[in-house]
Amino acid sequence: MRALVVDHSAAGRLALGTVPDPVPGPDEALVKIAAISLNYGELPKSDDAAEGTVPGWDAAGVVERAAANGRGPQPGDRVVTWGLNAGWAELRAVPVGELAVLPAAVTFADAAALPVAGLTALRALRTAGVRPGQRVAITGASGGVGRFAVQLAHLAGAEVYALVGSPARGAGLAALGADHVLTGAEGIDTPVDVVLDNVGGSLLAELLGHIAPDGKVISIGATSGEPTPIQPYQLVLNRLTLVGIQAGGDTGADLGHLVRLLAEGRLQPSVDRVASWEEAGKTALALLDREIRGKAVLTVS
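Residues numbered from 1 in each chain as written. Predicted model: local features only at pLDDT ≥ 70, side-chain atom pairs only at ≥ 80, totals over all residues. Heavy atoms only, no water.

A.B. asks: How should the overall build of the chain be read in this particular structure?
C.D. replies: In terms of regular secondary structure, the chain is built from 8 helices and 15 strands. Compactness check: the chain gives a C-alpha radius of gyration of 19 Å against a globular reference of 19 Å for 301 residues, within 12% of the reference. If you line up the chain on its principal axes, its C-alpha atoms span 55 × 40 × 30 Å. In the chain, which comprises 301 residues, the share counted as buried stands at 51%. A separation threshold of at least 6 residues defines the contact pool for the chain, and within that pool the share at least 24 residues apart is 69%. When the accessible surface of the chain is split by element, carbon and sulfur atoms take 53% of a total near 12400 Å². (Helix = DSSP H or I, 4+ residues; strand = E, 2+ residues; numbered from the N terminus. Rg over C-alpha atoms; globule rule 2.2 N^0.38 Å. Buried < 20%, exposed > 50% of the residue type's maximum accessible area, 1.4 Å probe, protein only. Contact = heavy atoms within 4.5 Å. Areas by Shrake-Rupley, 256 points an atom, 1.4 Å probe, with all protein chains shown as cover.)

A.B. asks: I keep staring at the environment of Arg260 and nothing clicks. Help me out?
C.D. replies: Checked against the element boundaries, Arg260 lands in helix 7 (residues 252-263). Residue Arg260 is classed as partly exposed on the basis of its relative accessible area, which comes to 47%. In this structure, the C-alpha to C-alpha distance between Arg260 and Ala105, residues 155 residues apart in sequence, is 10.0 Å.

A.B. asks: Where do I start with a nonpolar patch on the surface in this structure?
C.D. replies: A cluster of nonpolar residues, Tyr233, Val236 and Leu237, forms a patch on the protein surface that exposes about 360 Å² of accessible area. Relative to the helices and strands, Tyr233 is located in helix 6 (residues 232-236). Overall, Tyr233 belongs to the exposed group, its relative accessible area being 59%. (Patch = residues over 30% accessible without salt bridge, like charges linked within 9 Å, V, L, I, M, F, W, Y side chains within 5 Å. Salt bridge = Lys/Arg side-chain N within 4 Å of Asp/Glu carboxyl O.)

A.B. asks: So what exactly am I meant to see when it comes to helix 8 (residues 280-288) here?
C.D. replies: A turn of α-helix holds 3.6 residues, and therefore any two residues three or four places apart point the same way. Within helix 8 the residues assigned to the buried category are Ala280, Gly281, Thr283, Ala284, Ala286 and Leu287. Looking at the buried side of helix 8, the elements it contacts are strand 1 (2-6), strand 2 (14-18), strand 3 (28-38), strand 14 (271-276) and strand 15 (295-299). Arg290 lies just past helix 8 and shows a positive phi near 60 degrees.

A.B. asks: Got a minute to help me understand the environment of Glu64 in this structure?
C.D. replies: Mapped onto the fold, Glu64 is located in strand 4 (residues 58-65). Assessed through its relative accessible area of 44%, Glu64 is described here as partly exposed. Between the C-alpha atom of Glu64 and that of Arg273, which follows or precedes it by 209 residues, the distance is 27 Å. If we skip the residues at most four places from it in the chain, Glu64 touches Leu30, Val31, Lys32, Pro75 and Leu91.

A.B. asks: Sorry if this is basic, but what is going on with the environment of Ala10 here?
C.D. replies: Looking at the element boundaries, Ala10 is found in the loop between strand 1 and strand 2. Classification of Ala10 by relative accessible area gives partly exposed; the value is 22%. A C-alpha to C-alpha distance of 11 Å links Ala10 and Glu51, two positions 41 residues apart in sequence.

A.B. asks: Before we go on, may I ask you to explain unusual backbone geometry in this structure?
C.D. replies: Located in the positive-phi region is Asn85, a residue other than glycine, with phi close to 75 degrees. With respect to the helices and strands, the residue Asn85 is situated in the loop between strand 5 (78-82) and strand 6 (91-95). According to the relative accessible area criterion, Asn85 is partly exposed, its value standing at 39%. Look at Asp250: it is not a glycine, yet its phi comes out positive at around 50 degrees. As for its position among the elements, Asp250 is in the loop between strand 13 (241-244) and helix 7. When its relative accessible area of 66% is taken as the criterion, Asp250 is described as exposed.

A.B. asks: I'm lost on the pairing of strand 14 in this one. Help?
C.D. replies: Regular strands show a simple pattern: their side chains alternate between the two faces of the sheet. Inspection of the sheet shows strand 14 paired to strand 15 by 5 bridges, in the parallel sense. Looking at strand 15, one finds that Arg273 is bridged to Ala296. Once you follow strand 14 into helix 8 and on to strand 15, the crossover reads as right-handed. (Pairing = 2+ DSSP bridges. Right-handed = clockwise from strand over helix to strand, strands pointing away.)

A.B. asks: For this particular structure, what's the right way to read the pattern of salt bridges?
C.D. replies: Pairs can form between side chains of opposite charge whenever their charged atoms are close. Following the criterion strictly, the structure yields 7 salt bridges and no others. Ionic pairing is found between Asp47 and Arg13, a salt bridge with its closest N-O pair at 3.3 Å. On the criterion of sequence distance, the pair formed by Asp47 in the loop between strand 3 and strand 4 and Arg13 in the loop between strand 1 and strand 2 is long-range, its members being 34 residues apart. Owing to a relative accessible area of 24%, Arg13 belongs among the partly exposed residues under this scheme. Ionic pairing is found between Arg126 and Asp254, a salt bridge with its closest N-O pair at 3.0 Å. Of this pair, Arg126 sits in helix 2 (residues 115-128) while Asp254 is found in helix 7, placing the two residues 128 residues apart along the sequence. On the accessibility criterion, Asp254 (11% relative accessible area) is buried. Within the structure, one salt-bridge network assembled from shared partners comprises Arg123, Arg126 and Asp254.

A.B. asks: So what exactly am I meant to see when it comes to the packing of helix 2 against helix 7 here?
C.D. replies: A pair of packed helices is characterised by two quantities: the angle between their axes and the separation of those axes. Across the interface, helix 2 lies against helix 7 with an axial gap of 10 Å and an inter-helix angle of 100 degrees. As summarised for this structure, helix 2 and helix 7 are arranged roughly perpendicular, according to the angle between their axes. Residue-level inspection shows Pro115, Gly118, Leu119, Leu122, Arg123 and Arg126 of helix 2 in contact with helix 7, the latter providing Asp254, Leu255, His257 and Leu258. Taken together, the residues of the contact of helix 2 with helix 7 sort by class into 5 nonpolar, 2 polar and 3 charged. (Axes fitted to C-alpha atoms, helices over the stretch in contact; angles between N-to-C directions. Parallel < 35°, antiparallel > 145°, perpendicular 65-115°, else oblique. Nonpolar A, V, L, I, M, F, W, Y, C, P; charged D, E, K, R; others polar.)

That is the geometry; function is a separate question.
Here it is in structure tokens:
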């Protein structure tokens, strides 16, 4: 089958190649992939990425063969899938607990944008225990995770502070539910209860001074690449909790929840770019260069 593989000589270190078809286990469905999405964290950024391997966490398509044990969706069912790698290919073997069936109203491109970014935002807010009336600050709010987090925090009844790198990157966030769109922590005039942090670095350190007593910081990533100069007493004095999370594992129910929100029009996929997977390298570079707001989706021909 054809697949996107790590190729250090290609643009974005990605190129189309040929690899063996996957062999599903007894609890895995074989899915013919129609669309995939790219996430910053999975892109091959250095020569440490193994040449010839197939990356890819997010993919949507049609079940070609049901799981041998009889569980899960049946052939012809449209599904969205999550997994650690091997998603950027024509076929994917997926444990039935890591997929959800799509309603007819949800396109493959929109569904492919959901898994990692949507699951991360959903589980971060759940970990923080966000309640109506709380104030939630989201860094990197213009990215894939950030845009889902803005919407889900708004749906939870929170007052949302969306922090972005520039005014241009904040475009459209108010329409998604952000009450305040800011380019720095200094714009926060009232202490927030929760910070969902995608950026790390000096911004996170500064935000610790804008959190209410007993507040929570959920660390999702550190895309700034900067050291984060946290002093322990920044946490101690206001009894702050700092928790790191990763999305993944037993995702089927949460994917189903996100798909329903999408089908009901209560959640927007925030797809900024759709292209053929033949443009994977070019699209990966655009994502790494912060040229994409929200999600980048590739169609599998």
